[in-house]
Amino acid sequence: MIRTPLRPLARILNARQAGENPDAIEAENKRIRHEAMRDTDRVRAESRLYILGGCFFFAFTAIILKMGVIATTLPEEPQVSRSGDPILSMRSDIVDREGRVLATNFDTYAVYAHPRDMIDPEVAASELARIFPELDEERLLKDFTGNRSFVWIRRQISPEQMQEVFDIGEPGLLFGPREMRLYPNGPVASHILGGSNFGRESVDSAEIVGIAGVERQFDDYLRDPANGGAPLQLSIDLTIQAATERVLAGGMMLMNAKGAAAVLMDVHTGEIISMASLPDFDPNNRPTVLTQGDQSDSPLFNRAVQGVYELGSTFKILAVAQALELGLVNPDTMIQTQPAIRIGGFAINDFHSYGRENSVTDVIAKSSNIGTAHIAEMIGGERQQEFLRSLGILDVSPVELSEARAGRPQYPRDWTPINTMTISYGHGVAASPLHLASAYATLANGGRLVTPTLIHDASNTVGERVISETTARQSVDMLRQVVTRGTASFGEVAGYEVAGKTGTADKVRPTGGYYDDKVIATFASVFPASDPKYVLVVTLDEPNDTTGSEPRRTAGWTAVPVAAEMIRRVAPLLGLRPNIETPLMTGVSLASE
Amino acid sequence: MTEMVYGSIPVQTGDPILPRWWRAIDKWTLSCVLALFAIGLLLGLAASPPLAERNDKEPFYYVIKQAQFGGLAMIVMFVTSMMTPKVVRRLATLGFIAAFVAVLALPFIGTDFGKGAVRWLSLGGLSVQPSEFLKPGFIVVAAWLMSASQDIGGPPGKLYSFILTAAIVLILALQPDFGQASLVLFGWCVIYFVAGAPMLLLVGVAGMTTLAGSFAYMNSEHFARRIDGFLNPEVDPRTQLGYATNAIREGGLFGVGVGEGQVKMSLPDAHTDFIIAVAAEEYGLVLVLLVVALYAAVVIRSLHRLSKERDPFIRLAGTGLACMFSVQAMINMGVAVRLLPAKGMTLPFVSYGGSSVIASGIVMGMLLAFTRSRPQGQIGDIFSRRGR
């Protein structure tokens, strides 16, 4: 850009000769330039101001139009604002598969105070402190006599407490109606139900918001007035859930475990019949979230869904099933089980020595790490990863719990040959007990993919085929032999033909490496083996059976007896008839003959 | 004669103040503001008794309070509108400094009234929201800096005002008060636009915003859900928005009748953020149309008058004030009809609120002072054959 100089030399020289002040020329030029600049600015600003004005005009027009559209459309939905009491019976109930109530609503009252209307704050404070021992009398008195115009006293009170407060006869104490969420079964199914809390709240109403479990997952559905109060039906069976929790609690105590989880699933629908995690809590009175330490130690933590653990040897059957499916082995193929595999400065060893060679069936029955690693070597890492992914083990479980997203399985980013071998016997991949249950259900139902669900629905069914029926059959037969002659001999339950696989995995140290004396013991079982109907996975966290001469931690000594007891209790409740061998009739003559 | 010579009788040069003011003032804008204030009182009569009842006050307690504050605001507005632009600028700058200090001091001496955000100062029974007073002062200071940069050898006002804006937006966002922060940012953008922001930059910013928005929509589930929820025509009938929509629908064209409305009973913010819903329900679309027309008239008329203004400072400051005033109204009503996502913002002069109405009075007073008709030197153009 060429600029006219503010002090043009020729004119200045002329002015000097004429005896004039050359500064005047500069000032003059400056003024002209400034005015020109202002003019262009003004012209530009004028057009931009009109643009702005236009924008505002259109925006206001849009508001009017939208307002007109709303005002001239007829109301389509019932006017909630008109109904007498918009807060009562809004949230749907939750029921189990038989229609028994798991969560419902309960009319209650909140009590609050208007200190300005109070006649005798001192009596009110002392009486309230008597009725509600957790309230502090001095604090109440301070609130009542200060300049606060409004004081919450309690958000929920019982009818008896309400009567007592009423009997104080203090006009400054007021009640506001509200609903509370009630879980009549207490801690039963607590991790599934989750819990709820008050959301927005005013004195005469409060909104119930699901904060965990299905209450949170289905919050929109439960609050939707369009459902007309239709309950949400879960796949859980209340009786079986209670029995599961009871047996699991007993087993956890006997085995000195610090936590435990169990999942019972229908293999033909993926419906979860019962799912327990211990320690548990009462959803009517949810404990607060831990502020320090490990959240997985909190009773709120759902070990069956959120907890991802290396589940140990229970994974072996997956490797074997894949090898069978690919035609690499058959149940009688001999697999090398000695010597220990040394790979990359890492040794794969067995619990005992099982001899030089074993059949594939024996690899499973005796739980040989070396044998499984050899089988995994045949499969190769890529196909292994693909197979585990097709079973859903490497992805977040699709079960309808808000916590499921926290239970993201962990697996190595680069799937090296060492990883392939260790993953085949359950080390290197961490998944939740629910993931394992779904995978076993797929084996048990003849090879069709199972999607775990908590919702009871007649349309629940199995998905696409993952492995052939023959492979599935052979796998279940091998699992059956684990119980009849292998590591899970305590798992035998007369008449129910339990099949399953044990898994004992060393726990990971938070600082790296593994603990020597802390394990996760798992028993994943299928029953009845001749026509599998249910899968049960029992996991104990840090079990330690001290009844013997030395502490026993392996799953065969800890998780298996617990699972067997659970099946013994639950199978009749599931309506399964025990398959009793017909006694020989020798030497017996029936009266009818 | 003696008195005149020795100056013991004040000699009036030029017109007396009132006639000069009356001649120069923008009477249309002034009438619009008075009408809005009157409508606000009328709606307050309907909307505030349930609130008064909840707080155990006389039924018309809030109406009386609003009339008192509003009267004060009117006085402030008239006095301000009589000042010359230079006096306005000086006072506004001082006010800006005071309000800025007050906003800075909020974390130490402010209160939150249990609402979570520390925005209020408690002055012996009166609660003041300093950020309300920061806005008009800020507009004037920003316009001053920006206009100074248009002088030859002036300071780099655009940069300085941008730094100031960023600082204020940051402080307000930390309170957190995203509503006021975005208003401040919007005010600066409008001033910069009129002061001659390069077109390339504008197009670039618009493009970037669209890109970033669609990127966020594609990649952030949270963001996408909020936008979907906003675009979704179904509205949850138990939310404030749902009540507002129902109220507008109930009102129809001519309303359900004075005092017959229901929404004021169920909406906690019926007297502030959702007063337009009360208006729509009781008086129908007709009154809403009037209210919108009044706001539109204020801004469009002010912008029109400012487009004739030759002093860059007055032009910029007036534009900023007018735009901020009406954008606030627009956001409030846009939220009620779900054209905009939910954001608490008062309707100037109509909503209940002491700080808000007095701040609005200051804004309108300053705007009226800036839009007064004054000689623009057109005669000079004719003599020097400059201009257009």
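For clarity, every value in this text was computed on a predicted model and none was experimentally measured.

*Asks:* Residues and numbers for the overall build of chain A, please.
*Replies:* Scanning chain A for helices and strands turns up 17 helices and 18 strands. Once local pairs closer than 6 in sequence are excluded, the contacts in chain A between residues at least 24 apart make up 69%. If you sum the accessible surface of chain A, you get close to 27,800 Å²; carbon and sulfur atoms cover 52% of it.

*Asks:* Explain the environment of A:Phe144 to me, using residue names and the numbers behind them.
*Replies:* Residue and element names in this part refer to chain A. Positionally, phenylalanine 144 belongs in helix 4 (residues 137-145). On the basis of relative accessible area, phenylalanine 144 is assigned to the buried category, the value being 3%. Along the primary structure phenylalanine 144 and glycine 172 are separated by 28 residues, whereas in three dimensions their C-alpha atoms are 9.5 Å apart. Setting aside its immediate chain neighbours within four residues, phenylalanine 144 contacts Ala113, Pro115, Met118, Pro121, Ala124, Ala125, Leu128, Val151 and Ile153.

*Asks:* Can you explain a nonpolar patch on the surface? Please cite residues and give values.
*Replies:* Residues and elements named next belong to chain B. Together, Val87, Leu91, Leu94, Ile97 and Val101 line one region of the surface with nonpolar side chains, adding up to about 440 Å² of accessible area. Examined against the element boundaries, leucine 91 turns out to sit in helix 6 (residues 85-109). In this structure leucine 91 comes out as partly exposed when scored by relative accessible area, which is 45%.

*Asks:* So, helix 4 of chain A: which residues are in play, and what are the values?
*Replies:* Residue pairs spaced three or four apart in an α-helix point in one direction, given the helix's 3.6 residues per turn. All names here are of chain A. For helix 4, every residue scored as buried is listed here: Leu140, Asp143 and Phe144. Axial view of helix 4: buried residues confined to an arc of 95°, hence all on one face. Exposed side chains of helix 4 directed beyond 90 degrees from the buried face belong to Glu138, Lys142 and Thr145. Packed against the buried residues of helix 4 are strand 2 (101-113), helix 3 (121-131) and strand 3 (151-157).

*Asks:* Mind laying out the confidence of the model for chain A, listing which residues take part and the relevant values?
*Replies:* When pLDDT is averaged across chain A, the result is 84; 93% of the residues are at 70 or more. Low pLDDT, under 50, characterises residues 76-89 of chain A; the stretch is placed with 26 contacts to residues that sit more than four places away or in other chains.

*Asks:* Can you lay out the nonpolar core for me, pointing to particular residues and giving the numbers?
*Replies:* By size, the foremost hydrophobic cluster in this structure holds 116 residues, and its most contacted members are A:Leu234, A:Leu318, A:Ile393 and A:Phe527. Per-element tally for this core: the top contributor is helix 17 (residues 559-573) of chain A, with nine residues. Contacts of A:Ile393, omitting those with residues within four sequence positions, involve A:Phe315, A:Leu318, A:Leu388, A:Pro409, A:Val429, A:Ala431, A:His435 and A:Ala439. Membership of the second largest hydrophobic core comes to 110 residues, among which are B:Tyr243, B:Ala336, B:Met345 and B:Leu347.

*Asks:* Give me the lowdown on the pairing of strand 2 of chain A, citing residues and values where you can.
*Replies:* Residue and element names in this part refer to chain A. Of the strand pairs in this sheet, strand 1 (residues 94-95) and strand 2 are connected by two bridges, and their pairing is antiparallel. Looking across to strand 2, one finds that valine 95 is bridged to valine 101. Connecting strand 1 to the antiparallel partner strand 2 that follows it, the hairpin turn spans five residues, and glycine 99 within it adopts a positive phi of roughly 90°. As paired strands, strand 2 and strand 4 (residues 173-182) are joined by ten bridges and run antiparallel to one another. Bridge pairing in strand 4 links threonine 104 to leucine 182. Alignment of strand 2 against strand 3, held across four bridges, turns out to be antiparallel. Considered in strand 3, the bridge of tyrosine 109 is made with isoleucine 157.

*Asks:* Hey, could you go over the environment of A:Phe281 for me, with residue numbers and the actual values?
*Replies:* Residues and elements named next belong to chain A. If you trace the backbone, phenylalanine 281 turns up in the loop between strand 9 (272-278) and strand 10 (309-310). Accessibility expressed as a relative area gives 6% for phenylalanine 281, which makes it buried. In this structure, the C-alpha to C-alpha distance between phenylalanine 281 and leucine 300, residues 19 residues apart in sequence, is 6.8 Å. Excluding its chain neighbours within four sequence positions, the residues that come into contact with phenylalanine 281 are Pro187, Ser190, His191, Gly194, Arg286, Pro287, Pro299 and Leu300.

*Asks:* Account for empty space enclosed by the protein, naming residues and giving values.
*Replies:* Residues and elements named next belong to chain B. Evaluated as defined, the whole model comprises six cavities of 30 Å³ or more. The volume enclosed by the largest cavity comes to roughly 90 Å³. Lining the largest cavity, in full, are Glu132, Lys135, Pro136, Met324, Phe325, Gln328, Pro348, Ser356, Ala359, Ser360 and Val363. Mapped by element, the contributors of at least two residues to the lining of the largest cavity are helix 7 (130-148), helix 16 (312-336) and helix 17 (354-370).

*Asks:* I'd like a rundown of the layout of surface pockets, residues and numbers included.
*Replies:* Residue and element names in this part refer to chain A. If you add up the space inside the second largest pocket, you get close to 1,000 Å³. Along the walls of the second largest pocket sit 36 residues, with Ser313, Phe351, Asn369, Thr504 and Thr554 positioned nearest its centre. Secondary-structure elements contributing two or more residues to the lining of the second largest pocket are strand 13 (347-348), helix 14 (417-424), strand 16 (499-508) and strand 17 (514-527). Broken down by element, the residue count for the lining of the second largest pocket peaks at five residues, all from strand 16. Here the residues of the lining of the second largest pocket sort into twelve nonpolar, 15 polar and nine charged.

Calculation criteria
- Residues numbered from 1 in each chain as written.
- Chains lettered and ligands numbered in written order.
- Predicted model: local features only at pLDDT ≥ 70, side-chain atom pairs only at ≥ 80, totals over all residues.
- Heavy atoms only, no water.
- Helix = DSSP H or I, 4+ residues; strand = E, 2+ residues; numbered from the N terminus.
- Contact = heavy atoms within 4.5 Å.
- Areas by Shrake-Rupley, 256 points an atom, 1.4 Å probe, with all protein chains shown as cover.
- Buried < 20%, exposed > 50% of the residue type's maximum accessible area, 1.4 Å probe, protein only.
- Patch = residues over 30% accessible without salt bridge, like charges linked within 9 Å, V, L, I, M, F, W, Y side chains within 5 Å.
- Salt bridge = Lys/Arg side-chain N within 4 Å of Asp/Glu carboxyl O.
- Arc of directions from axis to C-beta.
- pLDDT = per-residue confidence, 0-100.
- Core = buried A, V, L, I, M, F, W, Y, C linked by side-chain atoms within 4.5 Å.
- Pairing = 2+ DSSP bridges.
- 1 Å grid on protein atoms, 1.4 Å probe; cavity = no way out; pocket = protein on both sides within 12 Å on 5 of 7 lines; lining within 4 Å.
- Points joined across faces, edges and corners; volume = space filled by probe spheres on them.
- Nonpolar A, V, L, I, M, F, W, Y, C, P; charged D, E, K, R; others polar.

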